[in-house]
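The primary structure of each chain is shown beneath.
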Amino acid sequence: MTKVKYPQKRNYRQRAHSNPLSDHSFDYPVSPDVMDWTKLYPRFKPENEVKFCDIGCGYGGLLVTLSPMFPETYMVGFEIRVKVSDYVNDRFLALRQDNEVYHNAGVIRTNAMKYLPNFFRKGQLEKMFILYPDPHFKKCKHKWRIVSEGLLAEYAYVLKVGGLVYTVSDVKEVHDWMVEHFTNFPLFERYDPPAEDKAAQVLIGSTEEGKKVLRNKGQSWTAIFKRVEDPYSVNCAGT
């Protein structure tokens, strides 16, 4: 049997940060109805739907962990950097040759700040992950952050009611920023997951960034939020 050759990160090096507001060149569907997921998942069927999305998936560590834990759930990582997304794609191609699992996970190079509703219909997603996002420390670059009032409206749109957003950061100021924005947004509330929440158990140790924080004996802050009913629509329905 031919030994599967796994991609090496040193061949996919790229700068750590990318300007999400720049005019990158992306392929994206005009609407979720025309998105062809079979190009990403070899066993995808018309009745299937992608349910998990890792925004800024980096080198794909979380997806590699979640894929065998949720073998019946299709999941995708969004990554803006070219070489990094190439690495994750090659990583899954290799894993699929070496295992019977990992056919439910893939990566798309895209900009989640601009094109999220092009890929997912309203209420499609069950879980979203925002792990160790770029901190963009300078105040003039806070508009680059992946959590903002405008983006939360899009996250609420693609998440089903009861769906969860998992966030982690090793920068306390960024953690506080995400908590403040989510808790102040009417369609999300802070959520304490039960012990059996398998995804919550692997948030820190599965990503490359999280492993680096653990090696350096650093600290990570976690916060999980649940998509709730629109209070205005509920009140209108009751009148």
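Procedures and definitions
- Residues numbered from 1 in each chain as written.
- Predicted model: local features only at pLDDT ≥ 70, side-chain atom pairs only at ≥ 80, totals over all residues.
- Heavy atoms only, no water.
- Axes fitted to C-alpha atoms, helices over the stretch in contact; angles between N-to-C directions.
- Helix = DSSP H or I, 4+ residues; strand = E, 2+ residues; numbered from the N terminus.
- Parallel < 35°, antiparallel > 145°, perpendicular 65-115°, else oblique.
- Left-handed = near helix turned anticlockwise from the far one by under 90°.
- Contact = heavy atoms within 4.5 Å.
- Nonpolar A, V, L, I, M, F, W, Y, C, P; charged D, E, K, R; others polar.
- Core = buried A, V, L, I, M, F, W, Y, C linked by side-chain atoms within 4.5 Å.
- Buried < 20%, exposed > 50% of the residue type's maximum accessible area, 1.4 Å probe, protein only.
- 1 Å grid on protein atoms, 1.4 Å probe; cavity = no way out; pocket = protein on both sides within 12 Å on 5 of 7 lines; lining within 4 Å.
- Points joined across faces, edges and corners; volume = space filled by probe spheres on them.
- Pairing = 2+ DSSP bridges.
- Salt bridge = Lys/Arg side-chain N within 4 Å of Asp/Glu carboxyl O.

Contact pair helix 1 (residues 61-69) / helix 2 (residues 82-98): the axes reach a minimum separation of 11 Å and the direction vectors enclose 30 degrees. Of the possible angle classes, the one that applies to helix 1 and helix 2 is roughly parallel. Helix 1 and helix 2 meet at a crossing whose hand is right-handed. Contacts between helix 1 and helix 2 involve Gly61, Leu63 and Val64 from the first element and Arg91, Phe92 and Leu95 from the second. Here the residues of the contact of helix 1 with helix 2 sort into four nonpolar, one polar and one charged.

With 43 residues, the main nonpolar core has Trp37, Val76, Phe78, Phe120, Met128, Tyr155 and Phe188 as its most contacted residues. Elements represented by at least two residues in this core include exactly strand 1 (50-55), strand 2 (74-79), helix 3 (112-119), strand 4 (125-131), helix 4 (149-158), strand 5 (159-169), helix 5 (172-184) and strand 7 (221-227). Every residue in contact with Phe78, bar those within four places of it in the chain, is listed here: Cys53, Asp54, Ile55, Gly56, Cys57, Ile108, Thr110, Ala112, Leu116, Phe119 and Phe120.

This model, assessed by the stated rule, comprises one cavity of 30 Å³ or more. If you trace the largest cavity, you find it lined by Pro133, Asp134, Arg145, Ile146, Val147, Val174, Trp177 and Met178. In the lining of the largest cavity, the residues fall into six nonpolar, no polar and two charged.

Spatially, the seven strands line up as an open sheet ordered 3-2-1-4-5-7-6, and their pairing is mixed. Whereas interior strands pair on both sides, the edge strands pair on one side only; in this sheet they are strand 3 (105-109) and strand 6 (188-190). In this sheet, adjacent strand axes meet at a mean angle of 20 degrees when their direction is disregarded. With respect to the sheet, helix 1 is in contact with strand 1, strand 2, strand 3 and strand 4, its orientation differing from that of strand 2 by roughly 180 degrees.

All chains considered together, the criterion is met by nine salt bridges. A salt bridge links Arg43 to Glu100; the shortest N-O distance between them is 3.3 Å. Pair noted here: Arg43 is in the segment before strand 1 and Glu100 is in the loop between helix 2 and strand 3, with a separation of 57 residues, a long-range link. Overall, the relative accessible area of 42% leaves Arg43 in the partly exposed class. For Lys212, the salt bridge is made with Glu209, and the minimal N-O distance between the two is 3.6 Å. You can see Lys212 and its partner Glu209 sitting in helix 7 (residues 208-215), three residues apart, about one turn around the helix. Under the relative-accessibility criterion, Lys212 is labelled partly exposed at 37%. Through salt bridges with shared partners, a single network forms among Glu49, Lys51 and Arg121.

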